[in-house]
Amino acid sequence: TELSNLLTTLLTEHAKLKQQLKHTGDVADEATHIDDHVCATMTAIRKAADAIEDLCTVEEWNLPTYHELLFIQCP
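Residues numbered from 1 in each chain as written. Predicted model: local features only at pLDDT ≥ 70, side-chain atom pairs only at ≥ 80, totals over all residues. Heavy atoms only, no water.

Draft legend 1. Highlighting the overall build of the protein. A tally of helices and strands in the protein yields three helices and zero strands. At 16 Å, the protein has a C-alpha radius of gyration far larger than the 11 Å of a compact globule built from 75 residues. In terms of overall dimensions, the protein has a C-alpha envelope of 45 × 40 × 15 Å along the principal axes. When contacts within the protein are restricted to residue pairs at least 6 apart in sequence, those whose partners lie at least 24 apart make up 56%. Accessible surface, the protein as shown: approximately 6100 Å² in total, 61% of it carbon and sulfur. Here the protein contributes 5 positive and 13 negative side-chain charges, whose respective centroids are spaced 7 Å apart. (Helix = DSSP H or I, 4+ residues; strand = E, 2+ residues; numbered from the N terminus. Rg over C-alpha atoms; globule rule 2.2 N^0.38 Å. Contact = heavy atoms within 4.5 Å. Areas by Shrake-Rupley, 256 points an atom, 1.4 Å probe, with all protein chains shown as cover. Lys, Arg positive; Asp, Glu negative; His and termini not counted. Charge placed at Lys NZ, Arg CZ, Asp CG, Glu CD.)

What follows is the structure, encoded as structure tokens:
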């Protein structure tokens, strides 16, 4: 149930983000729109994704973890 709720949140916020990114205007208007709307939506997506990652085992999570993205060294 928890995983299902988090996935629903993630998909709902993703759809909202796609609509928010269609906003047009001058640079100042777009910057204000991003600050007022897009950042909050991206934070909600990140929160849900982090919670989903925490629920999964290492074997189930086939994507790089946040830690791996930050600290993995390129050859």
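Draft legend 2. The arrangement of helix α1 (residues 2-20) in detail. The end-to-end C-alpha separation of α1 is 27 Å, in line with the 27 Å expected for 19 residues at 1.5 Å each. Listed as buried for α1 are L6, E13, L17 and Q20. What you see down the axis of α1 is that its buried residues fit within an arc of 55°, all on one side. Exposed residues lying more than 90 degrees from the buried face of α1 are L11, K18 and Q19. Each element contacted by the buried residues of α1 is listed here: α2 (27-55). (Expected span 1.5 Å × (residues − 1). Buried < 20%, exposed > 50% of the residue type's maximum accessible area, 1.4 Å probe, protein only. Arc of directions from axis to C-beta.)

Draft legend 3. Local environment of the packing of α1 against α2. The interhelical angle for the contact between α1 and α2, taken along N-to-C directions, is 155°, at an axis separation of 9 Å. Here α1 lies roughly antiparallel to α2, going by the angle between them. Here α1 and α2 pass one another in a crossing that is left-handed. Here E2, L3, L6, L7, T9, L10, E13, H14, K16, L17 and Q20 of α1 lie close against α2, whose contacting residues are H33, H37, V38, T41, M42, A44, I45, A48, A49, A51, I52 and L55. (Axes fitted to C-alpha atoms, helices over the stretch in contact; angles between N-to-C directions. Parallel < 35°, antiparallel > 145°, perpendicular 65-115°, else oblique. Left-handed = near helix turned anticlockwise from the far one by under 90°.)

Draft legend 4. Expanded view of the pattern of salt bridges. Taken as a whole and assessed by the stated rule, the structure comprises two salt bridges. Of the charged contacts, one joins E13 and K16 as a salt bridge, the two residues approaching to 3.3 Å between their closest N and O atoms. Taken as a pair, E13 and K16 lie in helix α1 at a separation of three residues, close to a single helical turn. By relative accessible area, which is 13% here, E13 ends up buried. (Salt bridge = Lys/Arg side-chain N within 4 Å of Asp/Glu carboxyl O.)

Draft legend 5. Local environment of the environment of Q20. Relative to the helices and strands, Q20 is located in helix α1. In this structure Q20 comes out as buried when scored by relative accessible area, which is 12%. Spatially, the C-alpha atom of Q20 lies 8.3 Å from that of H33, the residues being 13 residues apart in sequence. Filtering out sequence-adjacent residues up to four positions away, Q20 remains in contact with H33, H37, V38 and T41.

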